[in-house]
Amino acid sequence: MISGKFAITTHILTLLAKSPEDYMASEYIAGSLNIHPVLVRKEIANLRKHNLVESKEGKNGGTKLSKSPSDITLEEIFKITFDKASLGFSKNKPNPECPVGKGINSNLNTLYTDLNLTVSNQLKTISLAEFAKNF
């Protein structure tokens, strides 16, 4: 399903890309996102797991990018925030006797597969550095 996870993760990484050599506190990042720092730390843990950021504790601690923003594509961000994008399926099982009902989920699945390919192909052409230039 569509969620705000891609937007949140992209926001975090864009902030970090604007100061790639500096460690940024999760409280500062949370202030930019206007969300609780715990939610930011949860996303940072996912980014650390995927080797996009590194963190250190202490007075001058925080999080920074572990690689150049030009080496991170928006497709990479998309893939760590979603298995795949889906607009969803009906909660009810469609009627298998209906000509539409018996094939709707299969056809939606094909549509969603094509959508994911289109999204991935576009996002792989945009680096985090390019995206961050908009700010």
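Residues numbered from 1 in each chain as written. Predicted model: local features only at pLDDT ≥ 70, side-chain atom pairs only at ≥ 80, totals over all residues. Heavy atoms only, no water.

1. Quick word on helix α5 (residues 104-123)
- A rise of 1.5 Å per residue sets the reference length of α5, with its 20 residues, at 28 Å; its end C-alpha atoms lie 28 Å apart and thus fit the reference within 8%.
- Of all the positions in α5, only Tyr112, Asn116, Ser120 and Leu123 are classed as buried. Considered in projection along α5, the buried side chains sweep an arc of 70° and stay on one side of the axis. Opposite the packed face of α5, turned more than 90 degrees from it, sit the exposed residues Ser106, Asn107, Leu117, Thr118 and Gln122.
- Its buried side turned inward, α5 meets α1 (5-18) and α4 (74-81). (Helix = DSSP H or I, 4+ residues; strand = E, 2+ residues; numbered from the N terminus. Expected span 1.5 Å × (residues − 1). Buried < 20%, exposed > 50% of the residue type's maximum accessible area, 1.4 Å probe, protein only. Arc of directions from axis to C-beta. Contact = heavy atoms within 4.5 Å.)

2. Quick notes on a nonpolar patch on the surface
- Side chains of Leu87, Leu111 and Leu115 sit close together on the surface and give an oily, nonpolar patch of about 280 Å² of accessible area.
- Take Leu111: it is sitting in helix α5.
- Judged by its relative accessible area of 45%, Leu111 is partly exposed. (Patch = residues over 30% accessible without salt bridge, like charges linked within 9 Å, V, L, I, M, F, W, Y side chains within 5 Å. Areas by Shrake-Rupley, 256 points an atom, 1.4 Å probe, with all protein chains shown as cover. Salt bridge = Lys/Arg side-chain N within 4 Å of Asp/Glu carboxyl O.)

3. Some thoughts on the pattern of salt bridges
- One pass over the full model with this rule turns up four salt bridges.
- One salt bridge in this structure joins Arg41 and Glu27, with 3.5 Å as the shortest N-O distance. Here Arg41, found in helix α3 (residues 37-49), pairs with Glu27, found in helix α2 (residues 26-33); they are 14 residues apart in sequence, far enough to count as distant.
- On the accessibility criterion, Arg41 (37% relative accessible area) is partly exposed.
- Among the salt bridges present, the one from Lys79 reaches Glu75, with a minimum N-O distance of 3.3 Å. Of this pair, Lys79 and Glu75 both sit in helix α4, four residues apart, which is roughly one turn of the helix.
- Glu75 gets classed as buried once you look at its relative accessible area, which sits at 14%.

4. Quick word on unusual backbone geometry
- The backbone phi angle of Asn34 is positive, close to 60°, even though this residue is not glycine.
- Examined against the element boundaries, Asn34 turns out to sit in the loop between α2 and α3.

5. A look at the packing of aromatic side chains
- The final tally for this structure, using the stated rule, is three aromatic pairs.
- Ring geometry for Phe6 against Phe78: centres 6.0 Å apart, planes inclined by 75°, an arrangement best described as edge-to-face. Linking Phe6 in helix α1 with Phe78 in helix α4, this pair joins segments that are 72 residues apart in sequence.
- Each ring, one from Phe89 and one from Tyr112, has its centre 5.4 Å from the other, and the planes form 65°; the classification is edge-to-face. In this pair, Phe89 sits in the loop between α4 and α5 while Tyr112 sits in helix α5, placing the two residues 23 residues apart along the sequence.
- Taking the relative accessible area as the measure of exposure, Phe89 reaches 40% and is therefore partly exposed. (Phe/Tyr/Trp six-rings, centres within 6.5 Å; stacked < 30°, edge-to-face > 60°.)

Treat this as a map of the structure, not an account of what it does.
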